[in-house]
Amino acid sequence: MPEQIKLNFSPDLSLNAEGKHVRDGLSTAMLTGDNLWLSCDERTSIERLTRLPDGAFGKHHSFDVHAYLDLPAQNHSEIDIEGMGMADHYLWLVGSHSLKRKKPKRHDSIAKQIKRLAQIKSDPNRYILARIPILQDPETGDYTLYKEVAHPDQPGKMLRAGQLRGDRTSNLLTELMEQDEHIAPFMNIPGKDNGFDIEGLAVHGSRIFIGLRGPVLRGWAMVLEVEPEEDEAGILHLKQLTKEKPYRKHFLNLRGKGIRELRIFGDDVYLLAGPTMDLDGVIAIYRWRNAVNGHTEQVVHNNELERLCEVPHGTGENTGKDKAEGLAILDDKHVLVVFDSPAEERTVCANDVLADILSIGEADLITRVRYKYSSIMPG
């Protein structure tokens, strides 16, 4: 069993309009100093917890994204935040950009259940790639979000929230994907059906890496790379990265797994990877060495990735539960993993949940040997 750590949420901040607890839908995790940032996939807020003397995280504070960004839907429709990253005094966030298929309800008639499976829904707030200024309070050590604030290191410069150009049904990113030779055929397919589905974001300077849970192409997952830039009105656009397009595509052979989370540590990208479909299956953490040093599109074969460890997932009586979704780097040997749909034994008291701490100090021997000799081994 991995080491576990308690995350304590405030009862006053934990329920959404439908009564779902924030701990039951954790979708991404990021550590900044002593602050652990989390999101729930059925809310429009970002949650901040603070490290406590006993090592747990608590002192729950919730930031409503409506206060910082002009969301396409103002009725508190979910954003489905699936990735967060931080660089240059900005917290970046991304929605899933995915369609969703309705689930059959057991108490309905057969005809109604079949009809529900044909219904596909789009939530406008899912189509968001945005940044929010974030600064650390020198007295408390806590990081706080702002809509607009003076740059701490450059007098006269203002940091301001902004988002990628878009409307209620799409944004610049999805418009580009609808023309992409690999991704376009999947844009009208729901995320959990191997359609287009973002899960994971990591930032390195001005470069943003976006992980795709789907589509997975013959076992190959994809990472998109973009560089947003701001116009005079504060709207974000995408810098041209190649002669043909304002993004790069990186292909990684994760042997059928899609990407659930991305994190950058040093020059490396860590990937949390698992099934793209809505099913139980192996979830593992990989290291993509020197990923941020490349400035061209990359094709990374399986033997060029280090498989660091497996992550527990629901099976048997817990099938459909304990779905690893968020990955935070603690240090060069340990990561923290949070789960969507936690199993009963993971939920503690009325408002707490247990996260896992996993050791990633060394890949297993076989992986290290394969990586060392990958230049002479077939992919």
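Read on for a plain summary of the structure. (Residues numbered from 1 in each chain as written. Predicted model: local features only at pLDDT ≥ 70, side-chain atom pairs only at ≥ 80, totals over all residues. Heavy atoms only, no water.)

1. Some points on the pattern of salt bridges
Any two side chains of opposite charge can pair, on the condition that their charged atoms come close.
Right, on to step 1. For the structure on display, the rule yields 33 salt bridges.
Right, on to step 2. E47 is paired through a salt bridge with R43; the nearest N and O atoms lie 3.4 Å apart.
Right, on to step 3. Residue classification places E47 among the buried positions, given a relative accessible area of 0%.
Right, on to step 4. By relative accessible area, which is 8% here, R43 ends up buried.
Right, on to step 5. Residue E325 pairs with R213 through a salt bridge whose shortest N-O separation is 3.8 Å. With E325 in strand β26 (residues 323-331) and R213 in strand β16 (residues 207-214), the pair connects residues that are 112 residues apart, well separated along the chain. Each member of the pair E325 and R213 is classed as buried.
Right, on to step 6. In this structure, a network of salt bridges that share partners links the residues E78, D80, K100, K121, D123 and R126. (Salt bridge = Lys/Arg side-chain N within 4 Å of Asp/Glu carboxyl O. Buried < 20%, exposed > 50% of the residue type's maximum accessible area, 1.4 Å probe, protein only. Helix = DSSP H or I, 4+ residues; strand = E, 2+ residues; numbered from the N terminus.)

2. Concerning the nonpolar core
Right, on to step 1. Residues M177 and I210 are the most contacted members of the largest nonpolar core, which totals 30 residues.
Right, on to step 2. Residue assignment for this core shows that the elements contributing at least two residues are β7 (90-95), β10 (129-136), α2 (172-177), β15 (197-204), β16, β17 (220-226) and β19 (236-238).
Right, on to step 3. Apart from the residues within four sequence positions on either side, M177 is in contact with I183, A184, M187, F196, L224 and Y247.
Right, on to step 4. Grouped together as the second largest cluster of nonpolar side chains are 20 residues, W37, F63, I79 and Y143 included. (Core = buried A, V, L, I, M, F, W, Y, C linked by side-chain atoms within 4.5 Å. Contact = heavy atoms within 4.5 Å.)

3. Considering the side chain of S98
Right, on to step 1. Relative to the helices and strands, S98 resides in the loop between β7 and β8 (100-101).
Right, on to step 2. The buried category is assigned to S98, whose relative accessible area is 1%.
Right, on to step 3. Among the polar contacts listed, one links the side chain of S98 to the side chain of S96, at a separation of 3.0 Å.
Right, on to step 4. Of note is the side chain of S98, whose polar atom sits 2.8 Å from the side chain of R126. (Polar contact = N/O pair within 3.5 Å; in protein donor to acceptor, adjacent residues only side chain to side chain.)

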